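Listed below are the residues making up each chain.
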Amino acid sequence: MERLARQSSADSSLIIGVATSTAERVQLARLLGDADALLLVSSAEQARAFLELTETVSPTTPVVVTPSVVPVLDVQPVRVEPELLLDVERRVARWEDREVPLTRLEHDFLHCLVEEPGQVWTYQRLHHAVWGNEHLGHGSHIHSVVKRLRQKLANLEATVTIHAVRGVGFHLLPTT
């Protein structure tokens, strides 16, 4: 995977991914499948040719992407005031003056996301951190924990939630 660029207009975004192999382009498509518009090409020359055809293009900001890194474009670490706090000893999540009890799995899962807000945690990385092994199975146990945590965050009236990155994993972001 060579480079990735994002082009924005008033109401939509265009992401141009440059990847030399088909496998890398497939990986980019999985990572960026929710984009407004996505163009995957095999060389920088193809990307330049496309950009030359469009007349309303402003300069893009390139982001270097390697296959082992999950890109989070235009997302800075989330610093939400007030913060979502975790009490490790009592296993509770706290938002302002409200708190909710968490199971061990919910606590460990949420701890990962709170530890690096905005950072995408892959299914594999979460599974290893929370369940302590590499077996993923069909993934329903991860989705079950996410569903329960989303409900608990909603009960706290927190302005953050767990967002899914299709085919990749999860991250904690402000609610929209």
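Details of the structure are given in the entry above.
Keep in mind that what you see is a predicted model, and the values were worked out from it rather than measured.

*Asks:* Honestly, unusual backbone geometry in this entry has me stumped. Any pointers?
*Replies:* Most peptide bonds are trans, and most residues other than glycine sit at a negative phi. Non-glycine residue R91 carries a positive phi angle of around 55°. Counting through the fold element by element, R91 comes out in the loop between β5 (84-87) and β6 (92-95). Relative accessible area serves as the criterion here: at 35%, R91 is assigned to the partly exposed category. For E157, which is not glycine, the phi dihedral falls at a positive 60°. Checked against the element boundaries, E157 lands in the loop between α5 (140-155) and β9 (160-165).

*Asks:* Whenever I open this one, the packing of helix α3 (residues 104-115) against α5 confuses me. Can you help?
*Replies:* Two measures define how a pair of helices packs: the angle their axes make with one another and the distance between the axes. Here α3 crosses α5 at 85°, and the two axes come no closer than 10 Å. As judged from the angle between their axes, α3 and α5 are roughly perpendicular. Contacts from L105, E106, F109 and L110 of α3 reach α5 at I142, V145, V146, R148, L149 and K152. Its residues placed into classes, the contact of α3 with α5 shows 7 nonpolar, no polar and 3 charged.

*Asks:* Even after reading the chapter, I still don't get the sheet that holds strand β7 (residues 98-101), so can you show me in this structure?
*Replies:* Adjacent strands of a sheet form backbone hydrogen bonds with each other and so pair up, either parallel or antiparallel. Spatial ordering of the open sheet is given by β5-β6-β7, a layout of 3 strands whose pairing is antiparallel. For this open sheet the edge positions go to β5 and β7, each flanked by a neighbour on one side alone. Geometrically, the sheet is characterised by an average inter-axis angle of 25° between neighbouring strands, direction not taken into account. Alignment of β6 against β7, held across 4 bridges, turns out to be antiparallel. Paired with R94 across the two strands is E99, which belongs to β7.

The rules behind these values
- Residues numbered from 1 in each chain as written.
- Predicted model: local features only at pLDDT ≥ 70, side-chain atom pairs only at ≥ 80, totals over all residues.
- Heavy atoms only, no water.
- Helix = DSSP H or I, 4+ residues; strand = E, 2+ residues; numbered from the N terminus.
- Buried < 20%, exposed > 50% of the residue type's maximum accessible area, 1.4 Å probe, protein only.
- Axes fitted to C-alpha atoms, helices over the stretch in contact; angles between N-to-C directions.
- Parallel < 35°, antiparallel > 145°, perpendicular 65-115°, else oblique.
- Contact = heavy atoms within 4.5 Å.
- Nonpolar A, V, L, I, M, F, W, Y, C, P; charged D, E, K, R; others polar.
- Pairing = 2+ DSSP bridges.

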